[in-house]
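Inside the fold
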There are 2 protein chains.
Amino acid sequence: MNICIVGTGLLGGSFALGLKASEKGHFYTGVDANSQHTREALRLGIIDKVGDFEQAIPDADLVVLATPVDALLHLLPQCLDLISDDAVVIDLGSTKSKIIKTVESHPKRGRYVACHPIAGTEHSGPESAFESLLKDQMMIICDQEFSDPDALELVKHTFNKIGMKIHFMDGATHDKHIAYVSHLSHISSFALGLTVLDKEQIEESIFNMAGSGFSSTVRLAKSSPEMWAPILLQNEPQILEALDQYIRELEQFRALIAGKDAVALRELMARANGIKRVLKEM
Amino acid sequence: MNICIVGTGLLGGSFALGLKASEKGHFYTGVDANSQHTREALRLGIIDKVGDFEQAIPDADLVVLATPVDALLHLLPQCLDLISDDAVVIDLGSTKSKIIKTVESHPKRGRYVACHPIAGTEHSGPESAFESLLKDQMMIICDQEFSDPDALELVKHTFNKIGMKIHFMDGATHDKHIAYVSHLSHISSFALGLTVLDKEQIEESIFNMAGSGFSSTVRLAKSSPEMWAPILLQNEPQILEALDQYIRELEQFRALIAGKDAVALRELMARANGIKRVLKEM
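Now for a description of the structure that goes with this document. In every chain, residue numbers begin from 1 and rise along the written sequence. Just so you know, chain letters begin at A and ligand numbers begin at 1, following the order they were written in. Residue-level local features of this predicted model are given only where pLDDT is at least 70; pairs of side-chain atoms are given and counted only at 80 or more, and the full residue set underlies all totals for whole chains, interfaces and linings. Side-chain measures were taken over the full set of non-hydrogen atoms in the model, leaving aside hydrogen atoms and water.

Examining the overall build of chain A
Applied cut-off: Secondary structure counts use DSSP, requiring at least four H or I residues in a row for a helix and at least two E residues in a row for a strand, with both numbered from the N terminus. As defined in this context, the radius of gyration uses C-alpha atoms, and a globule is described by 2.2 Å times the residue total to the power 0.38. We call a residue buried when its accessible area falls under 20% of the maximum for its residue type, exposed when it is over 50%, and partly exposed in between, using a 1.4 Å probe and counting protein chains only. Each accessible area is a Shrake-Rupley result for a 1.4 Å probe, and residues are judged covered by the shown protein chains and nothing else. For the purpose of counting charges, residues Lys and Arg are taken to be positive, whereas Asp and Glu are taken to be negative. His and the chain ends are not included. Note that the charge is assigned to NZ on lysines, CZ on arginines, CG on aspartates and CD on glutamates.
Helices and strands together make up the secondary structure of chain A, namely 12 helices and eight strands. For chain A, the C-alpha radius of gyration of 21 Å lies close to 19 Å, the compact-globule estimate for 282 residues. Dimensions of chain A, computed from C-alpha atoms along their principal axes, come out at roughly 65 × 40 × 30 Å. Every one of the 282 residues in chain A was classed for burial, and the buried ones make up 59%. Here chain A displays about 10,900 Å² of accessible surface, and carbon together with sulfur accounts for 50% of that area. Computed over 27 positive and 38 negative side-chain charges, the separation of the two mean positions in chain A equals 7 Å.

The structure is reproduced here in structure tokens:
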């Protein structure tokens, strides 16, 4: 197949490397608004050729849109306009409803399969891509009933080749759940990073005392603003609901600490320990 | 030396295992309010004998108090009452000022060295202890000018043997900084765990979609309530300051998301990316 990767960063790059390692014979063209990224992706063997959007899309059998989610809102309809009738388009965005909505009445809607891989790191750009990022991870396919059966088959085959587990879900449920188990984690980390960095301005060398617990909770604060600001804005209502609940939980901790209520604090923490069950399952 | 470990859990147990591996010839007596813990510690080779507090302390050359910090408030003065004149007592508590204050006018104050190892995991109990937990990690010694020089020397020698780096600090500064780089991380994780567990009651199978980012930010929610509730209460003023600032940062995110302010949201995240410098240094 001719595969066109639009956005040759962490996810787009890792998709290409993962598929290259497991299925030979495809040709990869890379498209990126940042020409340094395509040059780097070419050098790293992620893509075989650098292309531009208008010329590369009509030649592709499979288009992988792996850009920030704000760009997807205009790239996806443009892409469906340009593809050949048999080609298939997927996106890898962390939000789904608004992206799906942009093409709901597009004559080629059936050629599009809405995807979201539950995989990533706090790094970005082609140099952060690696072959095994998607292997053994979950790929969520949303609103599959609006995709043509052959398009869906091709996408499932491709993800299986990379070693991914496929899970089906409607776009609205996806956005609601992902706000809690991914987007909120990012906000909590970004805010934690800011809190401690601000404090460092007054109290020097505060980070001397930071251990693995801090590293773990603040790791996602290294994530790309270009990727994450659009995600938070695009999933706004779901995220505000999750964030408001999170702030309420924090205020409950605040009240129990200020009120020196050891018993209730212990009970609250014991309830949070329920996460052991969940992390064991993962 | 006769070494008495009071609290044979993660930290006390790992201290004993680390020292056993690096310096032979010591005899370890374990004391724990939970008799299952001492039995288990004996079985695992963490201690050589089970003892009780009143009998074991007078025979010890070095006492390691590794209990929750609320218990330390009465165990430390009792311990200084009971030790022989040449013995040394350390504690491994995550708060320092209030613990140090309990013995500030004790006639044997000089035999006490206030310590806090920057090491731990989200697990607890003797079975979670391991030999290398403290190796290459930082041991903070607080208010060392109130400890006798020979007591300080013994403690430094012992920590060096285990492979720890020693850092000196006054107790008040310790409590202020640790609120930001450790205690706040725990609250943020506990609250995140609760938020998502509560949501799961309504939306089933929400955790199917949780990836490594969620695991990383919520890991500390598995921490022991018996250990952590007393820490948060004992470091209350510092923690409330840190927590209030954290909630303000979250509210800033909330306002920018609700106001769809992409530019300011990106700027805020870019500032949080400053944490890259810090995590690189760690």
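Some remarks on the environment of Lys96 of chain B
Residues and elements named next belong to chain B. Within the secondary structure, Lys96 is located in the loop between strand E5 (88–91) and helix H5 (97–101). Looking at Lys96, the relative accessible area reads 0%, which means it is buried. Taking the C-alpha atoms as reference, Lys96 lies 23 Å from Gly18; in sequence the two are 78 residues apart.

What about helix H4 (residues 69–82) of chain A?
All names here are of chain A. Threshold: Every helix has an expected span of 1.5 Å times one less than the residues it contains. The angle between axes fitted to the seven residues ending at a residue and the seven residues starting there is what we call the bend at that residue.
Under the 1.5 Å per step criterion, the end-to-end length of H4 is 20 Å for 14 residues, consistent within 8% with the ideal 20 Å. Along H4, the helix axis deviates most sharply at Leu75, where the bend reaches about 35°; the proline Pro77 sits within four residues downstream. Those residues of H4 that fall on the buried side of the exposure criterion are Val69, Ala71, Leu72, Leu75, Leu76, Pro77, Cys79 and Leu80.

Points about the pairing of strand E8 (residues 165–169) of chain A
Sheet faces and side chains relate simply in a regular strand, where the side chains alternate between the two faces. The cut-off we apply is this: Each pair of strands is called paired provided DSSP finds at least two bridges between the two strands.
Where strand E7 (residues 138–142) of chain A lies against E8 of chain A, five bridges are found, and the strand directions are parallel. Paired with Met138 of chain A across the bridge in E8 of chain A is Lys165 of chain A.

Topic: helix H11 (residues 262–272) of chain A
Residues and elements named next belong to chain A. We count it as follows: The arc in question is formed by the directions pointing from the helix axis toward the C-beta atoms.
For H11, the set of buried residues is Ala264, Leu265, Leu268, Met269 and Ala272. Down the axis of H11, the smallest arc covering the buried residues is 135°, so these residues share one side. Pointing more than 90 degrees away from the buried face of H11 are the exposed residues Val263 and Glu267.

Digging into the relation of the copies chain B and chain A
Condition: Each copy is superposed on the other by least squares, with the fit set by C-alpha atoms of residues at a pLDDT of at least 70 in both. Any two residues whose heavy atoms approach within 4.5 Å at even a single point are treated as in contact.
Between chain B and chain A, the superposition needs a rotation of 180° and an axial shift of 0.0 Å, giving an RMSD of 0.0 Å. Interpreted geometrically, this transformation is the action of a two-fold axis. Closest approach to the rotation axis within chain B is made by the C-alpha atom of Thr217 of chain B, at a distance of 2.1 Å. The residues that chain B uses at the interface reappear at the interface of chain A in 100% of cases, marking a shared surface.

What about the interface of chain B and chain A?
Accessible area lost when the parts come together is the quantity often used to give the size of an interface. The cut-off we apply is this: Accessible area, probed at 1.4 Å, shrinks when two parts are joined; the buried area is that loss added up over both. Any carboxyl oxygen of Asp or Glu within 4 Å of a side-chain nitrogen of Lys or Arg constitutes a salt bridge here. As used in this structure description, the phrase polar contact means that two N or O atoms lie within 3.5 Å; if the pair is within protein, one of them must be able to donate a hydrogen and the other to accept it, and residues adjacent in sequence are counted only when both atoms belong to side chains.
Every contact between the two is made by 93 residues of chain B and, on the other side, 93 residues of chain A. The contact between chain B and chain A buries some 8,600 Å² in all, and 69% of this surface belongs to carbon and sulfur atoms. On inspection of chain B and its partner chain A, the count reaches 12 salt bridges. One salt bridge connects Asp70 of chain A with Arg266 of chain B, and the closest N-O pair in it is separated by 3.5 Å. Summed over the shared surface of chain B and chain A, the result is 25 residue pairs in polar contact (both at pLDDT 80 or more). Secondary structure elements with two or more residues in the side of chain B that touches chain A: strand E7 (138–142), strand E8 (165–169), helix H7 (171–202), helix H8 (212–218), helix H9 (225–234), helix H10 (236–258), helix H11 (262–272) and helix H12 (275–281) of chain B.

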